[in-house]
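Chains, contacts and geometry: an overview
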Amino acid sequence: MTTSFNPVASFIPVIVRLYGPLNNVRARLALDTGATQTLISKETVQFLGYDVDEPVETIELVTASGEETSPVIAIRMIEALEQARRDLPVLCHNLPSGAPFDGLLGLDFFRGQRLTLDFREGLITLD
């Protein structure tokens, strides 16, 4: 699957479809090859119908404002770039106010695939 992106933008947006126990939603995640795990805003995770107070686990995150605890929720299904992942554990974390995206699409989504980011042509290829 190949799709275009703006190679001079401040982030690479990827439109994803998230499936939860109560709702499904289209979300805009920033492709982040520096994130080992996908992160989705708590607000989005709660809208999907997950209880962030009953996570699969919690982990410590180091952020710009210090260390914080983040719940991990297994999302029923995430579809992006014509690929799907079932029961992918994602971090649930509040994003900075005014963030232009709903989370980060991390390396865990891309494992076992070939991801190519062509900044000359502005193309993402995932196969």
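Residues numbered from 1 in each chain as written. Predicted model: local features only at pLDDT ≥ 70, side-chain atom pairs only at ≥ 80, totals over all residues. Heavy atoms only, no water.

Another aspect to go through is the nonpolar core. In terms of nonpolar packing, the biggest core is built from 27 residues, with Val16, Ile75 and Ile78 touching the most fellow members. Listed by contribution, the elements that provide at least two residues to this core are β2 (13-19), β3 (24-31), α1 (42-48), β6 (66-80), β7 (83-92), α2 (107-110) and β10 (123-126). Apart from the residues within four sequence positions on either side, Val16 is in contact with Val25, Arg26, Ala27, Leu29, Ile78, Glu79, Ala80 and Leu105. Counting seven residues, the second largest nonpolar core, distinct from the first, contains Ala30, Leu61, Leu91 and Leu104. (Core = buried A, V, L, I, M, F, W, Y, C linked by side-chain atoms within 4.5 Å. Buried < 20%, exposed > 50% of the residue type's maximum accessible area, 1.4 Å probe, protein only. Helix = DSSP H or I, 4+ residues; strand = E, 2+ residues; numbered from the N terminus. Contact = heavy atoms within 4.5 Å.)

On to the pairing of β2, then. In the sheet, β2 pairs with β3 via seven bridges, with the strands oriented antiparallel. When the sheet's bridge partners are listed, Tyr19 is paired in β3 with Asn24. Counted between consecutive antiparallel strands, the loop separating β2 from β3 contains four residues. For β2 and β6, the ladder comprises four bridges, and the chain directions are antiparallel. (Pairing = 2+ DSSP bridges.)

Read across the sheet, three strands follow the order β1-β10-β9 without closing on themselves; strand pairing throughout is antiparallel. Single-partner strands in this sheet number two, and they are β1 (2-4) and β9 (115-118). Each adjacent strand pair in this sheet contributes to an overall mean axis angle of 15°, direction not counted. In this sheet, β10 lies alongside β9 in antiparallel orientation, the contact comprising four bridges. Paired with Asp118 across the two strands is Leu123, which belongs to β10. (Axes fitted to C-alpha atoms, helices over the stretch in contact; angles between N-to-C directions.)

This next bit is on unusual backbone geometry. Unusually for a residue other than glycine, Leu81 sits at a positive phi of about 50°. Tracing the chain through its elements places Leu81 in the loop between β6 and β7. Here Glu82, not a glycine, exhibits a phi torsion of approximately 60°, which is positive. Relative to the elements of secondary structure, Glu82 occurs in the loop between β6 and β7. The exposed category is assigned to Glu82, whose relative accessible area is 69%.

Both β3 and strand β8 (residues 103-105) contribute to a ladder of three bridges, which runs parallel. Looking at β8, one finds that Ala30 is bridged to Leu104.

Aromatic ring pairs: the centre-centre distance and the angle between the two ring planes describe each pair. All chains considered together, the criterion is met by three aromatic pairs. Arranged with centres 5.2 Å apart and planes meeting at 80°, the rings of Phe5 and Phe119 form a pair that is edge-to-face. Of this pair, Phe5 sits in the loop between β1 and β2 while Phe119 is found in the loop between β9 and β10, placing the two residues 114 residues apart along the sequence. A residue is classified by how much of its surface remains accessible, and Phe119, at 46% relative accessible area, is partly exposed. Where Phe109 meets Phe110, the ring centres are 5.5 Å apart and the plane angle is 85°; that geometry is what we call edge-to-face. Looking at Phe109, the relative accessible area reads 0%, which means it is buried. For Phe110, a relative accessible area of 6% puts it in the buried group. Residue placement shows Arg17 over the ring face of Tyr19; its charged tip is 6.0 Å from the ring centre. Lying across the ring of Phe109, Arg85 places its NZ or CZ 4.6 Å from the centre. (Phe/Tyr/Trp six-rings, centres within 6.5 Å; stacked < 30°, edge-to-face > 60°. Lys NZ or Arg CZ within 6 Å of the ring centre and 35° of its normal.)

What is shown is where atoms sit, not what they do.
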